[in-house]
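Tertiary structure, described
If you want the building blocks of each chain, they are given just below.
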Amino acid sequence: MFKKAIKTTNRTQISGKDKKTIKKDLERFFNPDAVKDFLDSNEVIYCDKVSGGKQLIFSNEVNPLLVDATGKGDYLPSLYTLCLHPNLCNFVEINPGVESFVLKGANLMWAGVKPDQDLGQFEADDVRYVKSSEGKIIAVGAMACSSKELAKNGAQGPALIPLHIIGDKLWELGNQIEPEPYKKSEKEEPKQQQEAKASKSEKKDNEEQEDEEEEKGEEGKKKKKDKEKKKKKKVESEEEEVDDNDVDDLAAYMGIAPKKSGGGPPKRKPEPKVVTQKAKEPEVFSDEEDGNKKKGKKKGKAAATTQKKKGKDEDEDCLLYTSDAADDLLCVDLGGRRILKKKNRKQSL
């Protein structure tokens, strides 16, 4: 127990390697999860050697954290550490009125231990802290016997030997303020853990955002596809209407009634054939030819009239024949040759 003043020398900051060694030693006797939290919450730890002895005191910038009583890894957590990390080890709860005796440095007797509490399995010299009837941590020490000896001999004699109590010289090395139980916060957590948590939260947010965007994208794609299908159907229906209108207009222009139902284009009526005849040009004769023509004219007239009478009944339906004959007669009756003959005579005179 730290009843005398403590003088320390040779303060050094422990390295990462030494920190790992301390972690392994602590995990053999204390709760590994609580050990991890304890070391993570103290990034910088200093080691002070007690002058005139082998004891080592590990502390942060404010309070002492651990005491190595032998210098060989025999660690005892300080009350400052236990107040922040009460899960490091088990405790022994005392009856009301026993607190004053413990704070004076007396051994804790089994008679002062609160009955009907589960102490679990323990060995002699196991580290346990003392909790008052009000729930405050007032001391830390070593068990005076094992659980087997307790079961064999009964609750008689000392239960715990206090090694560090509130108000002793080790307590006076700190700020002498009872800290509240340790709770993980962003300020106390190491930077790596903070960054890891921040990255995890960012990943979750990004994943959620991506999922939302994908859902929106899928919905948008579906909407786009529906719109395109509707547009396509609309265009196809308009094209069909245009084709129907064009067919109707063409049929109306050609005088064909469009079909209301049934496949295939409407049938076209055959167009009437138009026969065109070229008019014969008037012939120009000389005087001798004109005389000969006159003589043959009479004979031709007579022959034509007789031929008409004979073939009138037979050729009554032949339009081409009668029209040609009519043209010949008209050409003869026009008297073009006479006009030409007169013109020729005048020129000769």
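Whatever comes next refers back to the structure up there.
Presented here is an overview of the structure given in this document. (Residues numbered from 1 in each chain as written. Predicted model: local features only at pLDDT ≥ 70, side-chain atom pairs only at ≥ 80, totals over all residues. Heavy atoms only, no water.)

Things to note about the overall build of the protein chain
For the protein chain, the helix and strand inventory stands at 10 helices and 10 strands. When the 349 residues of the protein chain are sorted by exposure, 26% land in the buried category. Excluding contacts between residues fewer than 6 apart, the proportion of contacts in the protein chain whose partners are at least 24 apart in sequence is 59%. Taken as a whole, the protein chain presents about 26300 Å² of accessible surface, with 51% of it coming from carbon and sulfur. (Helix = DSSP H or I, 4+ residues; strand = E, 2+ residues; numbered from the N terminus. Buried < 20%, exposed > 50% of the residue type's maximum accessible area, 1.4 Å probe, protein only. Contact = heavy atoms within 4.5 Å. Areas by Shrake-Rupley, 256 points an atom, 1.4 Å probe, with all protein chains shown as cover.)

Looking at helix H1 (residues 16-29)
The end-to-end C-alpha distance of H1, which contains 14 residues, comes to 21 Å, matching closely the 20 Å that a straight helix rising 1.5 Å per residue would cover. For H1, every residue scored as buried is listed here: Lys-19, Ile-22, Asp-25 and Leu-26. Down the axis, H1 shows its buried residues gathered within 125° of arc, on one side only. Facing away from the buried side of H1, by more than 90 degrees, are the exposed residues Lys-17, Lys-20, Lys-24 and Arg-28. (Expected span 1.5 Å × (residues − 1). Arc of directions from axis to C-beta.)

A closer look at the pattern of salt bridges
For the coordinates displayed, the defined rule picks out 5 salt bridges. One salt bridge connects Arg-28 with Asp-25, and the closest N-O pair in it is separated by 3.7 Å. Of this pair, Arg-28 and Asp-25 both sit in helix H1, 3 residues apart, roughly one helical turn. By relative accessible area, which is 18% here, Asp-25 ends up buried. We note a salt bridge from Lys-114 to Glu-93, for which the minimum N-O separation is 3.7 Å. Of the two residues, Lys-114 sits in the loop between strand E7 (108-109) and strand E8 (127-131) while Glu-93 sits in strand E6 (residues 91-93), which places them 21 residues apart along the sequence. (Salt bridge = Lys/Arg side-chain N within 4 Å of Asp/Glu carboxyl O.)

A closer look at the nonpolar core
Across soluble globular proteins, nonpolar side chains have a tendency to be buried as a group. The biggest cluster of nonpolar side chains holds 26 residues, and the ones touching the most others in it are Ile-22, Leu-26, Phe-58, Leu-66 and Leu-82. Mapped onto this core, the elements with two or more residues apiece are H1, helix H2 (32-40), strand E3 (56-59), strand E4 (64-68), strand E5 (75-77), helix H3 (79-84) and strand E9 (137-143). (Core = buried A, V, L, I, M, F, W, Y, C linked by side-chain atoms within 4.5 Å.)

As for the environment of Val-140
Along the polypeptide, Val-140 turns up in strand E9. Overall, Val-140 belongs to the buried group, its relative accessible area being 0%. When the C-alpha atoms of Val-140 and Ser-78 are compared, they prove to be 7.7 Å apart, with 62 residues separating the residues in sequence. Apart from the residues lying within four places of it in its own chain, the contact partners of Val-140 are Leu-76, Pro-77, Leu-79, Leu-82, Val-127, Arg-128, Tyr-129, Pro-162, Leu-163 and His-164.

Just distances and angles here, no functional claims.
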